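Fold and contact review
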Amino acid sequence: MNPTHAIGQEILKQLGYYTGRIDGEVGPATMRALAAVNGNKGEVPVHAILKEPWSDERKLVAFVQSYATMLDLDAGEVDGLVGPQTLFVVDQLEELVRTGKFPDPWRDDAKAPDARTKKLITVNPNGWPMMDEKSMFAFYGQVGSDQVTLELPYPMRLAWEEKHVVKALTCHRKVHDSMGRVLAGVLGQYGAKAITELGLDLFGGCLNVRKQRGGSQWSIHAWGAALDIDPLRNQLKWGRDKATLDAAAYDTWWKLWEKEGWVSLGRNKNFDWMHVQAAKLK
């Protein structure tokens, strides 16, 4: 069952527009319910969504994003594409439907590493700051500031719309050269074919001025000092039992980052395996 489609049906059911099974199948009954939602009654405005030349599935995802935004959840752009932000709000909405309230913040980057995780990386040739907000502001400045363009040494694909090619990204000036060296090393070590086979070209984001998903502080992405790769196969709460980036084939990938002092939350905290950051753990 597609969880994003299923939560869309659950929301439509709670609003009184859908009476069918919660099966994640976007059929005529689901689309009739979606079309019946009346934005003039203070509910989710779907008129613009329904006018888009999107598939029915994408329209239902956009409805979920729009509904989450109405509840002050950060769903990102209402585009009908399932990326990390959408997956996060689906998790929040599932808890809301199940219990009537949002889950408590679960993320605690200050806690000690799990005993099963790899050893903390201590090298720091670039002098990355600690990841607390005071240190981040002191080193990187205001969120979203001092950003530059990094031309990628190999083309990437947008993880949730793979036909969209990413040739450059926006990052903080202070991480530009280091990130470029790492990615050039990835190309040299793996080659273009293996990069594609392993999903090391599935771009999940760099600069994104937002708070942490599941936390209250600014995300390292808010400074353009983090990179997400292959987010759909390495989701936020997944541990090494599910995340693909823990496999032996990715050891070189991680070593290239760690040589530059970048930190993997997956290898150190066993969550958010998609993510690597130019900020040290507490």
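Residues numbered from 1 in each chain as written. Predicted model: local features only at pLDDT ≥ 70, side-chain atom pairs only at ≥ 80, totals over all residues. Heavy atoms only, no water.

1. Quick look at the pattern of salt bridges
Within this structure, the stated rule accounts for 12 salt bridges. A salt bridge links R21 to D23; the shortest N-O distance between them is 3.6 Å. R267 is the partner of D251 in a salt bridge, and the nearest nitrogen-oxygen pair spans 4.0 Å. Of this pair, D251 sits in helix 8 (residues 251-259) while R267 sits in helix 9 (residues 265-269), and the two are 16 residues apart along the sequence. It is possible to trace a salt-bridge network through shared partners that takes in R157, E162 and D201. (Salt bridge = Lys/Arg side-chain N within 4 Å of Asp/Glu carboxyl O. Helix = DSSP H or I, 4+ residues; strand = E, 2+ residues; numbered from the N terminus.)

2. With respect to the side chain of T86
Here T86 is to be found in helix 5 (residues 84-99). Under the relative-accessibility criterion, T86 is labelled buried at 2%. Leave out the neighbours within four places in its chain, and T86 touches T4, V61, Q65, A75 and L81. (Buried < 20%, exposed > 50% of the residue type's maximum accessible area, 1.4 Å probe, protein only. Contact = heavy atoms within 4.5 Å.)

3. Here's the deal with the pairing of strand 1 (residues 147-158)
With eight bridges connecting them, strand 1 and strand 2 (residues 161-172) associate as antiparallel partners. Within strand 2, the position partnered with V148 by the bridge is C171. Here strand 1 folds back onto strand 2, and the loop between the two strands holds two residues. Pairing analysis gives two bridges linking strand 1 to strand 3 (residues 202-205), with the strands arranged parallel. Bridge pairing in strand 3 places L158 opposite F203. (Pairing = 2+ DSSP bridges.)

4. Examining the environment of K211
Position of K211 among the secondary structure elements: in the loop between strand 3 and strand 4 (226-229). Considering only alpha carbons, one finds K211 and D74, 137 residues apart in sequence, at a separation of 8.7 Å. Not counting residues within four places of it along the chain, the set of residues in contact with K211 comprises S216, Q217, W218 and S219.

5. Points about the side chain of D228
Position of D228 relative to the elements: it lies in strand 4. Taking relative accessible area as the criterion, D228 reaches 2% and is therefore assigned buried. At 3.1 Å, the side chain of D228 forms a polar contact with the side chain of H221. Side chain to side chain, D228 and H275 meet in a polar contact 3.3 Å long. (Polar contact = N/O pair within 3.5 Å; in protein donor to acceptor, adjacent residues only side chain to side chain.)

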